[in-house]
Amino acid sequence: MKRLVFGILAHVDSGKTTLSEALLYTAGNIRRLGRVDHGDAFLDTFEIERQRGITIFSKQAMLEGDGWSVTLLDTPGHVDFSSEAERTLSVLDYAVLVISGTDGVQAHTETLWNLLRSRGIPVFLFVNKMDLAGAAKWKIMDDLRRRFGDGFIDFSREADQVSEDIAMYDDALMEQYLESGYIDTEETARLIAQRKIYPCFFGSALKLEGVEELLDAMHELTRMPEYPEAFGAKVFKISRDEKDERLTYLKVTGGTLRVRDPVSGGEGEEAWEEKANQLRLYSGVKFTPMQVAPAGSICAVTGLTRTYPGMGLGCEPQAEAPELQPVLTYRLLWEGDLDPHTVLGYMRKLQEEDPQLKVEWNEQLREIHLRLMGEIQLEVLRQILKSRFDLDVTFGEGSIVYRETITEPVEGIGHYEPLRHYAEVRLLLEPGEPGSGLIFDTMCSTNDLDLNWQRLIFTHLAEKEHVGVLTGAPITDMRITLLAGRAHLKHTEGGDFRQATYRAVRQGLKRAKSRLLEPWYAFRIEVPTENIGRVIADVQRMNGDFEPGETVGDMSVLTGSAPVARMKDYQKELTGFTHGRGRMAFRLKGYLPCHNEEEVIEAIGYDSDRDVDNPCDSVFCSHGAGHVVPWYQVPSEAHTTSPLKTRLNKVELPNQTEAAVHRTSDLVPFSKEEEEILARIFERTYGTNVKRNTFASVKKPVRVDLPNVPVAVPDRGKDYLLVDGYNIIFAWEELKTLADQDLEAARALLTDILVNYHGYRGSTVILVFDAYKVKGGVEKVEEVGGIYVVYTKEKETADMYIERTTYDIARKNRVRVATSDNLEQIIILGHGAVRVSATEFRLEVEGVNKHIREILESRKEAKTGQRIEIPGHPRKF
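Residues numbered from 1 in each chain as written. Predicted model: local features only at pLDDT ≥ 70, side-chain atom pairs only at ≥ 80, totals over all residues. Heavy atoms only, no water.

## Describing the overall build of the protein
Then comes step 1: For the protein, the helix and strand inventory stands at 26 helices and 40 strands.
Then comes step 2: Per-residue burial over the protein gives 50% buried out of 877 residues.
Then comes step 3: Within the protein, contacts between residues at least 6 apart in sequence are counted, and of these 70% link residues at least 24 apart. (Helix = DSSP H or I, 4+ residues; strand = E, 2+ residues; numbered from the N terminus. Buried < 20%, exposed > 50% of the residue type's maximum accessible area, 1.4 Å probe, protein only. Contact = heavy atoms within 4.5 Å.)

## A word on the pairing of strand β8 (residues 232-240)
Then comes step 1: For β8, the tally of buried residues reaches 9 of 9 residues, placing the bulk of the element in the interior.
Then comes step 2: Across 8 bridges, the pairing between β8 and strand β9 (residues 246-254) is antiparallel. Residue V235 lies in a different strand from β9, and its bridge partner there is L250.
Then comes step 3: Adjacent in sequence and paired antiparallel, β8 and β9 are bridged by 5 residues, among which D244 carries a positive phi angle near 65°.
Then comes step 4: Note that β8 and strand β17 (residues 312-314) share 3 bridges and pair antiparallel. For K234, the partnering residue across the bridge sits in β17 and is G312. (Pairing = 2+ DSSP bridges.)

## Here's the deal with the sheet that holds strand β6 (residues 152-154)
Then comes step 1: As summarised here, the arrangement of the 7 strands in space is β2-β3-β1-β4-β5-β7-β6, forming an open sheet in which the pairing is mixed. Two strands close off the open sheet at either side, each with one partner strand: β2 (59-65) and β6. Taking the axes of each pair of neighbouring strands and ignoring which way they run, one obtains an average angle of 25° across the sheet.
Then comes step 2: For strand β1 (residues 2-10) and strand β3 (residues 68-74), the ladder comprises 7 bridges, and the chain directions are parallel. (Axes fitted to C-alpha atoms, helices over the stretch in contact; angles between N-to-C directions.)

## Some thoughts on the packing of helix α22 (residues 733-741) against helix α23 (residues 743-761)
Then comes step 1: Between α22 and α23, whose axes approach to 6 Å, the crossing angle comes to 145°. Taken together, the residues of α23 that come into contact with α22 (itself represented by L735, L738, A739 and Q741) are L743, A745, A746, L749 and L750.
Then comes step 2: Partitioned by chemical class, the residues of the contact of α22 with α23 number 8 nonpolar, 1 polar and no charged. (Nonpolar A, V, L, I, M, F, W, Y, C, P; charged D, E, K, R; others polar.)

## Looking at the nonpolar core
Generally speaking, soluble globular proteins have nonpolar side chains that are buried together.
Then comes step 1: Counting 50 residues, the largest nonpolar core has M347 and L370 as its most contacted members.
Then comes step 2: Ignoring any residue separated from it by four or fewer positions in sequence, one finds M347 in contact with L332, L357, V359, L370, L381 and L385.
Then comes step 3: The next biggest cluster of nonpolar side chains, apart from the first, holds 39 residues, and it includes A10, L24, W68 and F155. (Core = buried A, V, L, I, M, F, W, Y, C linked by side-chain atoms within 4.5 Å.)

## Section: the environment of C616
Then comes step 1: Mapping C616 onto the fold places it in the loop between α17 (597-604) and β33 (618-622).
Then comes step 2: By relative accessible area, which is 4% here, C616 ends up buried.
Then comes step 3: Remark: the alpha-carbon pair of C616 and V634, spanning 18 residues in sequence, is separated by 9.9 Å.
Then comes step 4: Residues contacting C616, with those up to four places away along its chain left out, are R503, R506, Q507, K510, S608 and W631.

## Here's the deal with helix α12 (residues 451-463)
Then comes step 1: With 13 residues, α12 ought to run about 18 Å at 1.5 Å a step, and its terminal C-alpha atoms sit 18 Å apart, in line with that.
Then comes step 2: Those residues of α12 hidden inside the fold are in contact with β25 (423-431), β26 (438-442), β27 (478-487) and α13 (494-511). (Expected span 1.5 Å × (residues − 1).)

## Remarks on the packing of aromatic side chains
Then comes step 1: Applying the stated criterion across every chain, the model contains 20 aromatic pairs.
Then comes step 2: Each ring, one from Y570 and one from F577, has its centre 6.5 Å from the other, and the planes form 55°; the classification is tilted. For the pair formed by Y570 and F577, the shared burial category is buried.
Then comes step 3: The structure contains a cluster of three or more aromatic residues connected by ring pairs, namely W113, F148, F152 and Y198.
Then comes step 4: In this arrangement the basic side chain of R280 is found over the ring face of F287, its NZ or CZ atom lying 4.4 Å from the centre.
Then comes step 5: Across the ring face of Y502, the terminal group of K464 is positioned such that the distance to the ring centre comes to 4.4 Å. (Phe/Tyr/Trp six-rings, centres within 6.5 Å; stacked < 30°, edge-to-face > 60°. Lys NZ or Arg CZ within 6 Å of the ring centre and 35° of its normal.)

## Some points on unusual backbone geometry
Then comes step 1: Of note in the backbone geometry, D390 takes a positive phi value of approximately 55° without being a glycine.
Then comes step 2: Mapped onto the elements of the fold, D390 is located in the loop between α11 (375-389) and β21 (393-395).
Then comes step 3: The exposure class of D390 is exposed, given its relative accessible area of 58%.
Then comes step 4: A positive phi angle, near 55°, is found at H579, a position not held by glycine.
Then comes step 5: Examined against the element boundaries, H579 turns out to sit in the loop between α16 (570-577) and β32 (583-593).
Then comes step 6: Since its relative accessible area comes to 74%, H579 is described here as exposed.

## Here we look at the pattern of salt bridges
Then comes step 1: According to the stated counting rule, one finds 48 salt bridges in the structure shown.
Then comes step 2: For D103, the salt bridge goes to R583, with nearest N and O atoms at 2.6 Å. One end of the pair, D103, is in the loop between β4 (94-100) and α4 (107-119); the other, R583, is in strand β32, with 480 residues separating them in the sequence.
Then comes step 3: With relative accessibility at 38%, the residue R583 sits in the partly exposed group.
Then comes step 4: Within this structure, R240, D244, R246, K349, E352, E353 and R388 form a network of salt bridges that share partners. (Salt bridge = Lys/Arg side-chain N within 4 Å of Asp/Glu carboxyl O.)

## A short note on the sheet that holds strand β13 (residues 278-283)
Working definition: the strands of a sheet are paired by backbone hydrogen bonds and lie parallel or antiparallel to each other.
Then comes step 1: With antiparallel pairing, the 6 strands of this open sheet are ordered in space as β14-β13-β16-β9-β8-β17. Each end of this open sheet is capped by a strand with a single partner; those strands are β14 (286-290) and β17. For this sheet, the mean angle separating the axes of adjacent strands, direction not counted, is 40°.
Then comes step 2: With 4 bridges joining them, β9 and strand β16 (residues 298-302) adopt antiparallel strand pairing.

## Structural notes on the packing of helix α6 (residues 159-167) against helix α7 (residues 171-180)
Then comes step 1: Relative to each other, α6 and α7 sit at 145°, their axes nearing to 8 Å. Contacts between α6 and α7 involve D160, S163, E164, I166 and A167 on the former and, on the latter, L173, M174 and Y177.
Then comes step 2: Partitioning the contact of α6 with α7 into residue classes produces 5 nonpolar, 1 polar and 2 charged.

## Overview of the environment of R511
Then comes step 1: Mapping R511 onto the fold places it in helix α13.
Then comes step 2: In this structure the C-alpha to C-alpha distance between R511 and E411, which are 100 residues apart in sequence, comes to 8.0 Å.
Then comes step 3: At a separation of 3.1 Å, a polar atom in the side chain of R511 contacts the main-chain carbonyl oxygen of E411. (Polar contact = N/O pair within 3.5 Å; in protein donor to acceptor, adjacent residues only side chain to side chain.)

Below is the structure:
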């Protein structure tokens, strides 16, 4: 049997639940057509949904026909409940994106489209409400292509027109179409599955117009995925039935799941195993018991108490962290003498069902704080607490969920050594790309710290929401690398590394320069043209930015972004001064530097030194007893040494050839000003206890030309030179001038220069150019004249590629990296490579060119067949 899982997604009030109802009715799976506005829709099963006329919780229904079965998942459309929709995406085979014919592509439509694209889910589109005035097919198609790109095809047209449009997206199909004038169904299904085309259907779900055509396409133009034989399942939802029994909703992604089968999860000490007591196939509020759930099916399982949304079971990996995060926080208040821990237990149950409802318990103040998506979610939460737990609640004044990051690399050290305990952790904290979250890595050898301890450190890094030192807000957009660690054969226990890891993060944050981040909305505002000036002034007052507006008839549209703190209540104001004609849609753009950082920090009044739950200091042992060492004294007491410091203190000579011959004339000393900058960087990173002479530059020798004196260096494999292309182009004046006129010509000239350099030096040259902003870009490597030219993949900068490559090859080879003149990159570029600034590298290249010219002139004077040998260089020409 062909089994598929379809999700129905839309911006709120686009008619998504009405379309689900129409599909079920048209397929013959329900006998009566319900309506959302009448409160009797088949999938609006909760009283609160019937009252509000919106979907709040995702539900499933079964569409069944001859030889095929579709599980239909109806998801919430309101932005406050978008996390519920996002969790559902992880189990979809296909999606139907519903768009209002009168409103077109709205802000949340764009959010949903981006989520579908990032997960590679094939999409059908249904444009609803085409029976209403103002709905125009051509406007919608134009809007889709302008906002989302190509591939949208109107499947409501004649078959030959549809075939012609499909053929435009595949060369082989174009030939088939030109020969036969027809595209077969299987080929169309292939292009849909590959997300090369997106079928668009038009109609009115309320009047059942266009619904049958969509249903036929869902059956005929789809493919069932292939599943492995080994058992696997993906959990996407936790809920409770009317008897308060816990239900785990999952999709079987491999093998089969039978009643009473053991289900296991977790690793190490956290490993567990439970039995699936009952399998339920839900359709609306009713369910059918199942004995076996085959691959591709959705079921609710009882008997599992340790599962959570996003969890992978069996061979299925864990899901990625959700992209949508709550940005508002409120204090929970309740009436009566109910114990706070009882209320906390209620909230933990709700958090289990909705992981994006973040529940925080402040032990010192004995307060419960909640992180939410918006005010509608507050109202719904109030009703849920009343109906399920008979608890009347209110909420304190809302505030923004801030985050913190750092602006420069720094080391953090944590030491935990009470009597008969021991652990030390040394971390490198570096700024990450905006929106990257927290990334964990290691540079620590298993010879220095066993792999099991390293894994434990990573577990502790990931298990906790680490907070910053400015406001106590969660940290984000950082790369945290394990540099070194130490354990004791007898006294180290697992909890010791937890304490050392937490303290290392905090100690690094105390030493770093931190920055406060706040959430920003991306907005789209449509108002009468006479009000657009007021809107622009308001956005500027909010410290926002915007694109040039566009005018359609008597309405103007403004798009841009602004801080959530300034814009969250703007809808009411907009409705007032436009007399109800203004419309506003927004989505979370991400976290950006806070527009009023000092004001927020002062208002919050957080003292990181008094945060007993997140200590910055370390515990050392002296004279048989543990004692606390302040965070600023920890580097001088630490038992491990910094591998970064060790590498930077070594003078590593860049080698020119396999014979390891070095010309000291290529070395350029640091200036006095550069030495002072380096000293400040290292003092900020490693503390003032590092001696000043550590930073002394290599003195230029009196004899600058030693033609026949080789410097013996131990054999360490091949010579590699990695070049950050754009950094060099914009650091060398002649290349920069050329790039301003023709960037392609500048790239070609730099490539030619490096080809000559490679011909003389004989080392392996890797030239890296950023291509991270190219949508859908993949890593591309070309060989030009004996050197390798790399264009990075999407979302990977040249710095990231060089860092990754250096880490892979520097252990067994001699590696140099030519980059910009920014001295702080000396700290960033570790892994055993030698950094060459743009200025140094230019002088080196000029030296190479000089020798090449001498060789060419010598050849003119040489006799035919005579071999010319360069002094001190084994290569012969």
